[in-house]
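Here's the letter readout for the chains.
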Amino acid sequence: MDILIVIVLCAVGIILILVEIFLIPGITIAAIAGGLFALGGVYYAFTSLGTTVGVITLVAVLVITAFLFVYLIKSKALDKIALKTDVDSTVASRKDIGVEIGDTGMTISRLNPIGKVKVNDTVMEGKSIGDFIDEDTEIEVVKVSPTQLLVKTK
C-alpha cells in the first residue's frame, strides 16, 4: 500500500508540473501543487520505505519528468494548441509614407491634440503643435514620424 501512495503522489506531481510548463503560463497553483506532490511522494518513500527506495524514487521522478518534458517538446502532440504565427511586417519608414515636412493637407477629425489628417492622399494620425484644430481645417506638416504627423494650422 505504501508503494501505491508513493506512485500516486509522484505521478500527480509530475502531471501537474508538466501541465504548468505546457498549458498554464506563469507560476501558478499547478506548479506549486505539482512540486509539493512530487516532494511529498519522495519524502513518503524515504520515511516509509527506507533510504534506498527513497533515492530510487527521487531519481525516478527526475528521470521521468525530464523524459516526458523532452518527449512532449519533440512530439507533435502540442501542435494543435501551439501558437504558429509568423510576423513578417515592419514599421513604415518616413520614405514609405510619402509625406514630407512642409506638405499641406486637411484635418479629417478634430485634433485635440490628436486626430486624423489627410496629407497627399495619405490618412494618418496627426498631432497639433499648440491649440486644438477643428475638422476640415488646412494644416501644414512640421514633423514626420512613421506613425504620426506633427502639424500646425496653415
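Computed from a predicted structure; not experimentally measured.

Novice: Just checking my understanding: could you explain unusual backbone geometry for this structure?
Specialist: Leaving glycine out, the prevailing phi sign among residues is negative, and the prevailing peptide bond configuration is trans. The step from Asn112 to Pro113 runs through a cis peptide bond, and the omega angle for that step is -15°. Inspection of the secondary structure puts Pro113 in the loop between strand 1 (104–107) and strand 2 (114–119). Phi at Asn120 takes a positive value of approximately 55°, unusual for a residue other than glycine. With respect to the secondary-structure elements, Asn120 resides in the loop between strand 2 and strand 3 (122–128). Here Asp121, not a glycine, exhibits a phi torsion of approximately 60°, which is positive. Inspection of the secondary structure assignment puts Asp121 in the loop between strand 2 and strand 3. Assessed through its relative accessible area of 70%, Asp121 is described here as exposed.

Novice: Any chance you could explain the sheet that holds strand 4 (residues 138–144) here in plain terms?
Specialist: Strand order in this closed barrel of 5 strands is 1-2-3-5-4, and the pairing throughout is mixed. Across this sheet, the average inter-strand angle for adjacent strands is 55°, counted without regard to direction. In the sheet, strand 3 pairs with strand 5 (residues 148–153) via 4 bridges, with the strands oriented parallel. Residue pairing for strand 5: Gly126 is matched across the bridge by Leu149.

Novice: Before we go on, may I ask you to explain the environment of Tyr44 in this structure?
Specialist: Counting through the fold element by element, Tyr44 comes out in helix 2 (residues 29–49). Separated by 13 residues in sequence, Tyr44 and Thr57 have C-alpha atoms that sit 9.8 Å apart.

Novice: Hey, could you run me through the pairing of strand 3 in this one?
Specialist: Two faces make up the sheet, and in a regular strand the side chains alternate between them. Of the strand pairs in this sheet, strand 2 and strand 3 are connected by 6 bridges, and their pairing is antiparallel. Paired with Val119 across the two strands is Thr122, which belongs to strand 3. Where strand 2 folds back onto strand 3 in an antiparallel hairpin, the turn is made up of 2 residues, including Asn120, whose phi is positive at roughly 55°.

Novice: Got a minute to help me understand the pattern of salt bridges in this structure?
Specialist: Close approach of charged atoms allows side chains with opposite charge to pair. Summed over the entire model, instances satisfying the criterion amount to 1 salt bridge. Residue Arg110 is joined to Asp134 by a salt bridge in which the shortest nitrogen-to-oxygen separation is 3.4 Å. With Arg110 in the loop between strand 1 and strand 2 and Asp134 in the loop between strand 3 and strand 4, this pair connects stretches of sequence that are 24 residues apart. Judged by relative accessible area, which is 40%, Arg110 ranks as partly exposed.

Novice: Looking at this structure, I do not really get helix 2. What am I missing?
Specialist: Because each turn of an α-helix spans 3.6 residues, side chains separated by three or four positions end up pointing in the same direction. Between its first and last C-alpha atoms helix 2 spans 29 Å; for 21 residues at 1.5 Å apiece the expected length is 30 Å, and the two agree. Those residues of helix 2 lying buried are Ala30, Ala33, Gly34, Ala38, Gly41, Val42 and Ala45. The buried residues of helix 2 occupy one face: seen down the axis, they fall within an arc of 165°. Set apart from the buried face of helix 2 by more than 90 degrees, the exposed residues are Ile29, Leu36, Leu39 and Tyr43. Among the residues trailing helix 2, Gly50 stands out with phi positive, at a value near 105°.

Basis of the calculations
Residues numbered from 1 in each chain as written. Predicted model: local features only at pLDDT ≥ 70, side-chain atom pairs only at ≥ 80, totals over all residues. Heavy atoms only, no water. Helix = DSSP H or I, 4+ residues; strand = E, 2+ residues; numbered from the N terminus. Buried < 20%, exposed > 50% of the residue type's maximum accessible area, 1.4 Å probe, protein only. Pairing = 2+ DSSP bridges. Axes fitted to C-alpha atoms, helices over the stretch in contact; angles between N-to-C directions. Salt bridge = Lys/Arg side-chain N within 4 Å of Asp/Glu carboxyl O. Expected span 1.5 Å × (residues − 1). Arc of directions from axis to C-beta.

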